[in-house]
Amino acid sequence: MADGSLTPARSVMKTPQAWINWLSKYGIFLLLVVLVVALSIITPLVRGEQYFLTPRNLTQVMLQGSINGIIALGMTFIITSGGIDLSVGSIVALAGVIAASVMALGSGPWIGLLAAVATGMLCGLFNGFLITRIKLQPFIATLGTMGIFRGLTLILSDGRPIYGFDSAFVDIFSQRVFGEIPLPVIVVALLAVICWLVLAKTRFGKYVIAIGSSEESVMRAGISIRRYKLGIYTFGGVLTGISAALLTARLSSADPTSGTMFELDAIAATVMGGTSLSGGEGTIAGTIVGALIISIIRNALNILNIPSFWQQFVIGAVIIVAVALDQVRRRYAQRVG
Amino acid sequence: MRSPLCEDIGSMVRQDDRAVILEIDNVTKAFGAVQALQSISFNVYKGEIVALVGDNGAGKSTLIKIIAGVHTPTSGTLRVRGALCDFKTPADALQVGIETVYQDLALIDPLDVADNVYLGREVLKKSWLGRVFGVLDRTQMRRATGEALSQLHIKIPAPTMPVSRMSGGQRQAVAIGRAVTWGRQLILLDEPTAALGVEETEQVLLTIEKLRDEYGMTFIVISHNMQNVHRIADRIIVLRQGKHAATLDKYATTPEEIVAYITGAKAQTYESHKDG
C-alpha cells in the first residue's frame, strides 16, 4: 500500500493518517538514524577516509550540540505555551559578557556561573514582563529585546571580546567525565531529564501545555496566566544563561557578537522535534534529537567541505519543512478526527 | 420597583421549603453607552433548573458572565446563599462554588479527562518533592475522577484519554462532569446542547435531570431550543432587550408562549405575573 500503487479510497483515507501520525511521533528518530548511516557511508566515499563515524567526531558533534540543546530545552517550554523567544542569541552574548566581566574583575568560577544564570534569568523575566504586563505579542517583545540585549552587550563590552578571566572556569567545563564524555554533554543530558520531568509530571508543565492549547480556558479555570507565563520565560532565560556559561568556557572568552542567529537553531531543534508552533504540544526528547540533528548537519557540511554559508540555508529549510509537516498532520487530524 | 420575592410567587408553593441559592437584585450592566442589562432581579432555589432565554443580544450571556465573575455589574448586587458577593475574577465565582460550562466547553484538548476535571485544582503528591516542585498526583486524580463521574451517571471513556480524541457528546460530558464535581452551589450551562446530535442531546438532558433529581443540584441553563427548555426547566426567565420580560412556570406555559415572550408578541405585567 505504501509503495505508491493505486489503492482503494477507503485505505487512502486511513493510510496517510496512520503514516503521518507515526512520522510525527518517531520520524525525528528515524531521521537521526538515516543521517548517521548515510553520512557514515558518504564521508569515506567523498573524503577517502571515515571522518564522521569516529568516537572523537561524534563527541565533538554532541559537544557542539549541547549549547543549542540547552537553549532549545527552554524554547520547548516557551513554544509549547504558544509563545516564542527570538532574544536567546542576544541573551547568550549578554550573559557571557557579564559573566566574563565579573570574573575578569577577580571573581571565582562559581560566581561567574551564577552571574551568567542570573543575567539569563533577568532577561527572561524582562521578556515575561513585556509579554504579561505590557501585553506585547511574544514575537514583538522578544524581537525588541533581541536588539536591546545585544545593544546592552556591545555597550558594556565596548564591542570588544572579554578575555583574561580565571582559567579555572574554562577547566571546570572542559572536564571529561566517565572516560571521554565532555561535561557540557552531561549537563545537557541532566537538564533534559529535569525538563522532561517538569513538563510531564508537574503542575507547571501541565499549565504550560494548557496555556498553549487555550489561554481563554485556563483563565476561566481561575489560573493566573500572567504568573505562569512570567515563569515560563524566566525558566527559558535561566537555561539560556547556563548555555552562555558553557559557551564562554569553551571559547575561553566572551564575544559580544556571539550567539547571533542562535534563535534559528533553537527554534529549528524544537519544531523539528515535534513541538507545535501553534502551542499545546511539546516533546523534550524530540527537542534533544532535533538539536543533535542540527549539530550533525553542521558537522557533515564541514566534513564534506561544503562552504559554511550553506549551513544557515539548510537549518532555515529544516524549520520550514518541519512546520509544514506539522500543519499537514493537523489538517489530517482535523479531517479524520 | 417590586420586591424581589414577588417575581417568584408563581413557584413559591413548590419551593418555599427550599433554600435560596442565588439572589440577583437590580443588576445593571453597561458597556460604554450600550445598556446590556437593565435592573434584572430574580432568585434561584436549590434543586431547580432555571432556563434563561431570549433573542440574540437580549443579555443572556452578559448575565451568565456576571454570575460567573467574568464581568462585574455596573450596579446591583449578587448574593449566594444570602452572602453578598462581589466577584472580580472567574476565580472568585469558582471559589464560592459556582461553575460554568461555556459554549466552547473550555476544555484543554491535549490533556486527559482527569487533568481537565482538576484544571486549577490539582492534587499534588504529599512528599516534600511534590510540594516544592508541584508534582501532580495523577493516580489519585484519575481514580477520583472515574469514581465521581460514574457516581454522577456521566459516561466518559477512560479518564486517561485526551479529550481531543472524544466526540462532541463525550466532551460535553467531561465539561459537565467538571462543573458538577466542583459546583457546590450552582452550575451555569451556556447552550449545553447546541453542538450536539439528537441522541447526544438526549444524553445530556437526562444527565442534567438526574443530577437535579438525585443530588438536588441547581442549574441555570441558556438555550435557544424551546422544546428542550420546556422539558428540563422548572422556571423560565425571558430576557428581552436587556430587560427581564417574564418569569414563566413550566407547568403554566408552553414552548409557543415562551417564544411569544421572546419576540415581544406577548408581554407580562408584574400584576399578571403575580397571578400566574
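What counts, and at which threshold
Residues numbered from 1 in each chain as written. Chains lettered and ligands numbered in written order. Predicted model: local features only at pLDDT ≥ 70, side-chain atom pairs only at ≥ 80, totals over all residues. Heavy atoms only, no water. Axes fitted to C-alpha atoms, helices over the stretch in contact; angles between N-to-C directions. Helix = DSSP H or I, 4+ residues; strand = E, 2+ residues; numbered from the N terminus. Parallel < 35°, antiparallel > 145°, perpendicular 65-115°, else oblique. Left-handed = near helix turned anticlockwise from the far one by under 90°. Contact = heavy atoms within 4.5 Å. Nonpolar A, V, L, I, M, F, W, Y, C, P; charged D, E, K, R; others polar. 1 Å grid on protein atoms, 1.4 Å probe; cavity = no way out; pocket = protein on both sides within 12 Å on 5 of 7 lines; lining within 4 Å. Points joined across faces, edges and corners; volume = space filled by probe spheres on them. pLDDT = per-residue confidence, 0-100. Buried area = accessible area lost by both parts, 1.4 Å probe. Salt bridge = Lys/Arg side-chain N within 4 Å of Asp/Glu carboxyl O. Polar contact = N/O pair within 3.5 Å; in protein donor to acceptor, adjacent residues only side chain to side chain.

**Let's talk about the packing of helix H3 (residues 88–104) of chain A against helix H10 (residues 225–251) of chain A**
Residues and elements named next belong to chain A.
- Remark: H3 packs on H10, axes separated minimally by 8 Å, with the N-to-C direction vectors making an angle of 60 degrees. Relative to H10, the element H3 is oriented oblique. In terms of crossing hand, the pair formed by H3 and H10 is right-handed. Contact residues: Val88, Ile91, Val92, Ala95, Gly96 and Ala100 in H3; Thr240, Gly241, Ala244, Leu247 and Thr248 in H10.
- Its residues placed into classes, the contact of H3 with H10 shows seven nonpolar, four polar and no charged.

**Focus: the layout of surface pockets**
Residues and elements named next belong to chain A.
- Taken as a whole, the second largest pocket spans an internal volume of roughly 540 Å³.
- Lining of the second largest pocket is provided by 20 residues; of these, Gln64, Arg250, Phe262, Asp265 and Arg298 occupy positions nearest its centre.
- Elements that contribute at least two residues to the lining of the second largest pocket include exactly helix H2 (55–80), H10, helix H11 (262–273), helix H12 (284–303) and helix H13 (309–336).

**Concerning the confidence of the model for chain B**
Residue and element names in this part refer to chain B.
- Here chain B averages 87 in pLDDT, while 91% of its residues score no lower than 70.
- Least confident of the elements in chain B is helix H1 (residues 9–15), whose mean pLDDT is 40; most confident is strand E8 (residues 219–222), at 96.
- Across residues 1–16, where pLDDT falls below 50, the model places 31 contacts with residues more than four positions away in sequence or in other chains.
- The model gives residues 271–276 a pLDDT under 50, and that stretch makes seven contacts with residues more than four places away or in other chains.

**Concerning the interface of chain A and chain B**
- In this assembly, 18 residues from chain A lie in contact with 23 residues from chain B.
- Around 1600 Å² of area is buried between chain A and chain B when both sides are counted, 62% of it from carbon and sulfur atoms.
- The largest contributions to the chain A side of the interface with chain B come from A:Arg203, A:Lys206 and A:Arg220, which together make up 42% of the buried area.
- As a salt-bridge pair, A:Lys206 and B:Glu122 come within 2.8 Å of each other at their nearest N and O atoms.
- At the junction of chain A with chain B, the criterion picks out eight residue pairs in polar contact (both at pLDDT 80 or more).
- Mapped by element, the contributors of at least two residues to the side of chain A that touches chain B are helix H7 (183–201), helix H8 (203–213) and helix H9 (215–220) of chain A.
- The element that contributes the greatest number of residues to the side of chain A that touches chain B is H8(A), accounting for six residues.
- Considering only residue class, the side of chain A that touches chain B consists of eight nonpolar, six polar and four charged.

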